[in-house]
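If you want the building blocks of each chain, they are given just below.
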Amino acid sequence: MEPIHPIRERRAVKVLGVVQGVGFRPFVYRLAAEEQLGGWIGNDTDGVTLEIEGAEAAIEAFLRRLRAEAPPLARIDAVAVHGVEASGETGFRILASEVLGRVSTGIPADAATCADCLRELLDPADRRYRYPFLNCTNCGPRFTITRSIPYDRPQTSMAHFTMCPACQAEYDDPANRRFHAQPNACWQCGPRLWLADAAGATIPAADPIEVAIVRLMAGEVVAVKGIGGFHLCVDATNQSAVMRLRQRKHRYGKPLAVMVRDLAAARELCVLSAEEESLLQTPARPIVLARARKNNGTAAAVAPGIPWLGVFLPYAPLQHLLFADQRVRALVMTSANLSEEPIAIDNDEARQRLGDIADIFLLHDREILQRCDDSVAAVVDGAPQLIRRARGYVPLGLELPLDTRPLLAVGGHLKNVFALASGRRVYQSQHLGDLENLTGLDFFKESLAHLMHTFEIEPEVVVHDLHPGYLSTAWAGEWACERGLELIAVQHHHAHVAACMAEHGLDEPIIGLSLDGTGYGADGRIWGGEVLVSRLDGFERFAHLDYVPMPGGEAAIREPWRMALGSLHAAGIDVESAEALALTGATANEAHVLKRMIERGVNVPLTSSCGRLFDAVAAVVLQRRVVDYEAQAAIELEGMAIDEPDEPSYVMELLGGEDENEPLRISASPLWRALMDDLHAGVSPARISARFHAGVADAFVQAAIRARAKTGVTQVAMSGGCLHNRRLTRLLRSGLEQAGFQVFQHRKVSPGDGGLSYGQVAVAAAILRKRA
Ligand SMILES: [Zn+2]
Ligand SMILES: [Zn+2]
């Protein structure tokens, strides 16, 4: 009698998303084996394709588990399934990459050491016990060690490490966690660690990590080669060590980030919400800005003047080892550079640039090929927001709501990030820092060459900011001219709004609130507090903060007392009056010079910037004359009100509207008068700050209501650097929602200039579409 065969079914399955270089194929292999399915899987140009064959119930279980149990670094965007004819295949195979054609999904992002690897790292019985470079398909360096595509070992800085038989066997075994883990390595065959002094001489040490810990605990500055570059490290609980690092680095006020052993240690330093805890633990391991606990044991010099602390968890085995025996509680870990220079990555480069800063160097011989700073994130208004998008996020792609020809958007000036786009995909570079000098521009060019090659995008159009003075604008012009490419200029705050629209797939008119530092306006003035009724391909300036003088131009950014005097002047207060001097801390002579500058209009641009309004108010409320880092005064102003309940707002005035074609002006004059009355009445600075935040939020809500009345548009996109401000963001969002608006905020790119190039792409794509 013949055996009864169950009916066999076969399905072809296509999976789109981040499914290459993340252990997806071995995962599917194991799943197929467990469900007793035959078939195969292979990478293809935009994901993986597989076929499975077996009993229907098993196929259904397989498809359910495919999504539910996918590896931690995988991101499944879509699964398409259709039936095909069964062939009787019972075994399951992993096809070599090339079989299904060119693989172009690029390079995965760097990922933190996974739980399995961490267990091995700390297990004395494991062959990789305390090996500082262990990794697997679920974790390890990716982007930063890759020279070129396809993402395969010969294209990485692991190329010259030949795997030992044990590592090779893991690499070749589809059932192993290290199947095709490109940086796979062990004590026998992989990279080595050593110590060197500032002159470059090797310091003999049986255990370099042990020596580094001893030196750290003695208060020394240790340069540690990490994943995307060098860190400068000191014991975060040692005030004099932190001060020594600050003095050597010439970085006096800017907050420093602190790495701790694990989540429990992070909870000792900061009050963490559930969202903040999950953000801390994502494979990208960003620095998370969270509320610091009082008397948490870290030195006062770590983050002076603000209630937040940037905290993050180890993401490389080497870092885990520094914390392993609990002698080290918290380490300041800051990018090894001077102010906004690119981060150092090369051993010789590090010695040259850091020789005067670091006492010793913890080095290794796995080359870092792509510079990549730590990413910075915060939970703002209940959801994560990226402040600096770099390690762990780059080079993951973003979506665009419309198709585009291949193009390059060069971003802005400070916190530069460029973007390459083609079709509906956008790839943003890592955070490149300020393009104020040629070192910054070199980093820009280095990263551009790499990403153009990686994503095989040859730009046909170059997009830049409207500002004629930006280095990025000048460079874009030259580059486009050399190559005969088209140039498109995009207004700064329109790009911000478009970035928020594109992130949410919006391609219809919206009321854009662009509350920002400074950007070049269409009228040649300095914009930054804007209500723009926007489409992707254009905008109408519906309202803006009323212009105030910005005495000394850029100098007014570094010296907020100048902004304060400029704002008081605009509010009708004599800047030479005793009151103005007392409010701003300016000398009579300074006020006199400034007044003459304003009257003659010499080096006094006009600005509608929201960031500068914050600076001006902070200068008065905090008596802060000079800032050490961008937006310091505004950040301190927000911070001082952190425990303050919501207060009735100061009132700002909407002016204009007689002429249809003239934008409304939001005047701060009544706000200044009310604020000064409060100061005289002895109202606390924290309460004044709370009232000020409420006043700004309310004014923009009122302006949005007027825009809706005129246009019928009921959606609002909020963008610009001021949206890093938690209080302002929350008040704006709740005020807008109460007024019946649907509100969109940034979740994938920064609302600040880090997101600018993404918005530039969206605007240029829409302009090109309109023309076609
Ligand atoms: Zn791992
Ligand atoms: Zn090995």
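Residues numbered from 1 in each chain as written. Chains lettered and ligands numbered in written order. Predicted model: local features only at pLDDT ≥ 70, side-chain atom pairs only at ≥ 80, totals over all residues. Heavy atoms only, no water.

## Here's the deal with the overall build of the protein
Point 1. The helix and strand inventory of the protein stands at 23 helices and 30 strands.
Point 2. Across its three principal axes, the protein shows a C-alpha extent of roughly 105 × 65 × 55 Å.
Point 3. Put simply, the protein has 772 residues, and 60% of those count as buried.
Point 4. Restricting to contacts in the protein with at least 6 residues of sequence separation, those with at least 24 account for 72%.
Point 5. Entry remark: accessible area of the protein is about 28700 Å², with carbon and sulfur atoms responsible for 52%. (Helix = DSSP H or I, 4+ residues; strand = E, 2+ residues; numbered from the N terminus. Buried < 20%, exposed > 50% of the residue type's maximum accessible area, 1.4 Å probe, protein only. Contact = heavy atoms within 4.5 Å. Areas by Shrake-Rupley, 256 points an atom, 1.4 Å probe, with all protein chains shown as cover.)

## Some details on helix α12 (residues 471-483)
Point 1. Across its 13 residues, α12 extends 18 Å between first and last C-alpha, which sits within 8% of the 18 Å expected from 1.5 Å per residue.
Point 2. Within α12, burial applies to Ser472, Thr473, Trp475, Ala476, Trp479 and Ala480. What you see down the axis of α12 is that its buried residues fit within an arc of 165 degrees, all on one side. Opposite its buried face, α12 presents the exposed residues Glu478, Cys481 and Glu482, each directed more than 90 degrees away. (Expected span 1.5 Å × (residues − 1). Arc of directions from axis to C-beta.)

## Here we look at the coordination of the zinc ion (ligand 2)
Point 1. All of the protein donors around the zinc ion (ligand 2) are Cys164 (SG), Cys167 (SG), Cys186 (SG) and Cys189 (SG); their distances to the metal are 2.2 to 2.3 Å.
Point 2. Coordination geometry of the zinc ion (ligand 2): the four donor atoms subtend angles of 103 to 117 degrees at the metal centre, consistent with an arrangement described as tetrahedral.
Point 3. Read in sequence order, the donor residues for the zinc ion (ligand 2) give the motif C-x2-C-x18-C-x2-C. Separated by 19 residues along the polypeptide, Cys167 in helix α4 (residues 165-172) and Cys186 in the loop between α4 and β6 (193-197) bring together distant segments of the chain. Across this residue pair, the class does not change: Cys167 and Cys186 are buried. (Donors = N, O, S within 2.8 Å, 3.2 Å for Na, K, Ca; no water. Tetrahedral: all angles 85-135°; square planar, octahedral: opposite > 155°, others 65-115°.)

## So, the sheet that holds strand β3 (residues 47-54)
Point 1. Across the sheet, which stays open at both edges, the five strands sit in the order β4-β1-β3-β2-β5 with mixed pairing between neighbours. Both outer strands of the open sheet, β4 (75-84) and β5 (92-94), are each paired with one neighbouring strand and no more. When the angles between neighbouring strand axes are averaged without regard to direction, this sheet yields 15 degrees.
Point 2. Note: strand β2 (residues 38-44) against β3, seven bridges, orientation antiparallel. Residue pairing in the sheet places Gly38 in a bridge with Glu53 of β3. (Pairing = 2+ DSSP bridges. Axes fitted to C-alpha atoms, helices over the stretch in contact; angles between N-to-C directions.)

## Structural notes on the coordination of the zinc ion (ligand 1)
Point 1. Looking at the metal site, the zinc ion (ligand 1) is ligated by Cys114 (SG), Cys117 (SG), Cys136 (SG) and Cys139 (SG), spaced 2.3 to 2.4 Å from it.
Point 2. In primary-sequence terms, the residues that donate to the zinc ion (ligand 1) follow C-x2-C-x18-C-x2-C.
Point 3. Classification of Cys114 as buried rests on a relative accessible area of 12%.
Point 4. For Cys117, a relative accessible area of 0% corresponds to the buried category.

## Thoughts on the packing of helix α18 (residues 610-622) against helix α21 (residues 685-711)
Point 1. One can describe the packing of α18 onto α21 by two numbers: an axis separation of 11 Å at closest approach and a directional angle of 160 degrees. Considering the angle they form, α18 stands roughly antiparallel to α21. Considering the relative orientation of α18 and α21, their crossing is right-handed. Counted together, Cys610, Leu613, Phe614, Val617 and Val621 of α18 and Pro685, Ile688, Phe692, His693 and Val696 of α21 form the full contact between these two elements.
Point 2. When its residues are assigned to classes, the contact of α18 with α21 shows nine nonpolar, one polar and no charged. (Parallel < 35°, antiparallel > 145°, perpendicular 65-115°, else oblique. Left-handed = near helix turned anticlockwise from the far one by under 90°. Nonpolar A, V, L, I, M, F, W, Y, C, P; charged D, E, K, R; others polar.)

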